[in-house]
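# Structure assessment
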Amino acid sequence: AQTVTQSQPEMSVQEAETVTLSCTYDTSESDYYLFWYKQPPSRQMILVIRQEAYKQQNATENRFSVNFQKAAKSFSLKISDSQLGDAAMYFCAYRSAGMGSGGGADGLTFGKGTHLIIQP
Amino acid sequence: DAMVIQNPRYQVTQFGKPVTLSCSQTLNHNVMYWYQQKSSQAPKLLFHYYDKDFNNEADTPDNFQSRRPNTSFCFLDIRSPGLGDAAMYLCATSRGRGVLGYTFGSGTRLTVV
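Residues numbered from 1 in each chain as written. Chains lettered and ligands numbered in written order. Predicted model: local features only at pLDDT ≥ 70, side-chain atom pairs only at ≥ 80, totals over all residues. Heavy atoms only, no water.

This part takes up the nonpolar core. Counting 25 residues, the largest nonpolar core has Tyr25(A), Trp36(A), Phe75(A), Leu77(A), Tyr90(A) and Leu116(A) as the members making the most contacts within it. Breaking this core down by element, the ones donating at least two residues are strand 3 (19–21), strand 5 (32–39), strand 6 (46–52), strand 8 (64–69), strand 9 (74–79), strand 10 (88–96) and strand 12 (114–119) of chain A. Grouped together as the second largest cluster of nonpolar side chains are 20 residues, Tyr33(B), Ala42(B), Leu45(B) and Leu90(B) included. (Core = buried A, V, L, I, M, F, W, Y, C linked by side-chain atoms within 4.5 Å. Buried < 20%, exposed > 50% of the residue type's maximum accessible area, 1.4 Å probe, protein only. Helix = DSSP H or I, 4+ residues; strand = E, 2+ residues; numbered from the N terminus.)

Residues and elements named next belong to chain B. Along strand 4 (residues 31–37), 7 of the 7 residues are buried, which leaves the element largely enclosed by surrounding structure. Residues of strand 4 alternate between two faces, with Val-31, Tyr-33, Tyr-35 and Gln-37 on one and Met-32, Trp-34 and Gln-36 on the opposite face, all of them buried. Hairpin connection of strand 4 to strand 5 (residues 44–50): 6 residues between the antiparallel strands, including Ser-40 at a positive phi of 60 degrees. Relative to strand 9 (residues 87–94), strand 4 runs antiparallel, the two sharing 7 bridges. Looking across to strand 9, one finds that Gln-36 is bridged to Tyr-89. (Pairing = 2+ DSSP bridges.)

Now for the sheet that holds strand 1 (residues 4–7) of chain B. For sheets, the rule is that strands pair by backbone hydrogen bonds, running either parallel or antiparallel. Residue and element names in this part refer to chain B. Ordered by their spatial adjacency, 4 strands build an open sheet running 1-3-8-7, and the pairing between neighbours is antiparallel. Each having just a single partner strand, strand 1 and strand 7 (64–67) make up the two edges of the open sheet. Within this sheet the neighbouring strands show an average axis-to-axis angle of 20 degrees, counted without direction. Summarising the sheet, strand 3 (residues 19–25) and strand 8 (residues 73–78) pair through 6 bridges and their orientation is antiparallel. Bridge pairing links Val-19 to Ile-78 in strand 8. (Axes fitted to C-alpha atoms, helices over the stretch in contact; angles between N-to-C directions.)

Attention now moves to the interface of chain B and chain A. Taken together, the contact between chain B and chain A spans 25 residues of the former and 25 residues of the latter. Where chain B abuts chain A, roughly 1,900 Å² becomes buried across the two surfaces, and 52% of that area is made up of carbon and sulfur atoms. Interface area lost by chain B to chain A is led by Arg97(B), Val99(B) and Phe104(B), which between them contribute 31%. Counting across the chain B and chain A interface gives 0 salt bridges. Where chain B touches chain A, the interface holds 7 residue pairs in polar contact (both at pLDDT 80 or more). If one sorts the elements of the side of chain B that touches chain A by residue count, strand 4 of chain B sits on top with 4 residues. Residues belonging to the side of chain B that touches chain A are distributed by class as follows: 13 nonpolar, 10 polar and 2 charged. (Contact = heavy atoms within 4.5 Å. Buried area = accessible area lost by both parts, 1.4 Å probe. Salt bridge = Lys/Arg side-chain N within 4 Å of Asp/Glu carboxyl O. Polar contact = N/O pair within 3.5 Å; in protein donor to acceptor, adjacent residues only side chain to side chain. Nonpolar A, V, L, I, M, F, W, Y, C, P; charged D, E, K, R; others polar.)

This brings us to the side chain of Ser66(B). All names here are of chain B. Along the polypeptide, Ser-66 turns up in strand 7. Judged by relative accessible area, Ser-66 falls into the buried class, the value being 11%. One polar contact links the side chain of Ser-66 to the main-chain carbonyl oxygen of Phe-75, over a distance of 2.8 Å.

All names here are of chain A. Counting buried residues along strand 5, 8 of its 8 residues qualify, which places the element largely inside the surrounding structure. Burial along strand 5 is two-sided: the face carrying Tyr-32, Leu-34, Trp-36 and Lys-38 and the face carrying Tyr-33, Phe-35, Tyr-37 and Gln-39 are both buried. Sheet analysis places strand 5 next to strand 10, joined by 8 bridges and oriented antiparallel. The partner of Phe-35 across the bridge, within strand 10, is Ala-93.

Moving on, we come to the packing of aromatic side chains. Summed over the entire model, instances satisfying the criterion amount to 18 aromatic pairs over all chains. For the pair Tyr33(B) and Tyr35(B), a centre-to-centre distance of 6.4 Å together with 35 degrees between the ring planes defines the contact as tilted. This pair shows no difference in class: Tyr33(B) is buried, exactly as Tyr35(B) is. Relative to Tyr89(B), the ring of Phe64(B) lies with its centre 6.1 Å away and its plane at 35 degrees, an arrangement referred to as tilted. Residue Phe64(B) is located in strand 7, and its partner Tyr89(B) is located in strand 9; the two are separated by 25 residues in the primary sequence. A residue is classified by how much of its surface remains accessible, and Phe64(B), at 4% relative accessible area, is buried. Through a chain of ring-to-ring contacts, the aromatic side chains of Phe35(A), Tyr37(A), Phe91(A), Phe110(A), Tyr33(B), Tyr35(B), Tyr102(B) and Phe104(B) assemble into a single cluster. (Phe/Tyr/Trp six-rings, centres within 6.5 Å; stacked < 30°, edge-to-face > 60°.)

As enumerated under the stated definition, the model contains 6 salt bridges over all chains in all. Residue Lys73(A) pairs with Asp26(A) through a salt bridge whose shortest N-O separation is 3.8 Å. With Lys73(A) in the loop between strand 8 and strand 9 and Asp26(A) in strand 4 (residues 24–26), this residue pair connects regions lying 47 residues apart in the sequence. The class for Lys73(A) is partly exposed, based on a relative accessible area of 26%. The exposure class assigned to Asp26(A) is partly exposed, which follows from its relative accessible area of 42%. A salt bridge links Asp77(B) to Arg67(B), with the nearest nitrogen and oxygen atoms 2.7 Å apart. Within this pair, whereas Asp77(B) is found in strand 8, its partner Arg67(B) is found in strand 7, the two being separated by 10 residues in sequence.

And the structure:
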């Protein structure tokens, strides 16, 4: 079974600065997908960025970018020019590319999350 | 806007009293998921429907059941809630196997008294 580890329960950054959230995962598969989700307080979880394991190029979405190190099984999220609205729980998630044991679809395996605080 | 809606946002139920949580979607996604998220823990998949096919996770307690009467709606039934079932329950949807990501609802926070 795959596991996802986020070693930073909480991170704090000054507004406008850059912060990096860490994520490592354990898998024996070669093809999979990785995601970062943002969960603001009392609001729904929103997809921030995704990475396909077979693509070497790191994904980028505006101020959000990832550092994907497949051999090291590492998938960190960098937030540039941090804004107050970035304050949230951030979850790293893994999804196998293979077919699931039932119905052909599996769920996501999540890490425990990192609580990101933005200091004004 | 197309979305995933969970009702109610907060649910209080008595120990042992059956409770149903609901999820609806306007995205026309064919896969719907239920996750349990306890405080300071990772969301945990309980089960999912791929179209009409129900897929239960091996470690999901028998106390938890689900129904999907049509594409738009999915229900989570807890037959006899215990104190340990207090959690946030998240509904999510995806198109196909969800490799592009999932869309989540805002969740229902269940309290058991």
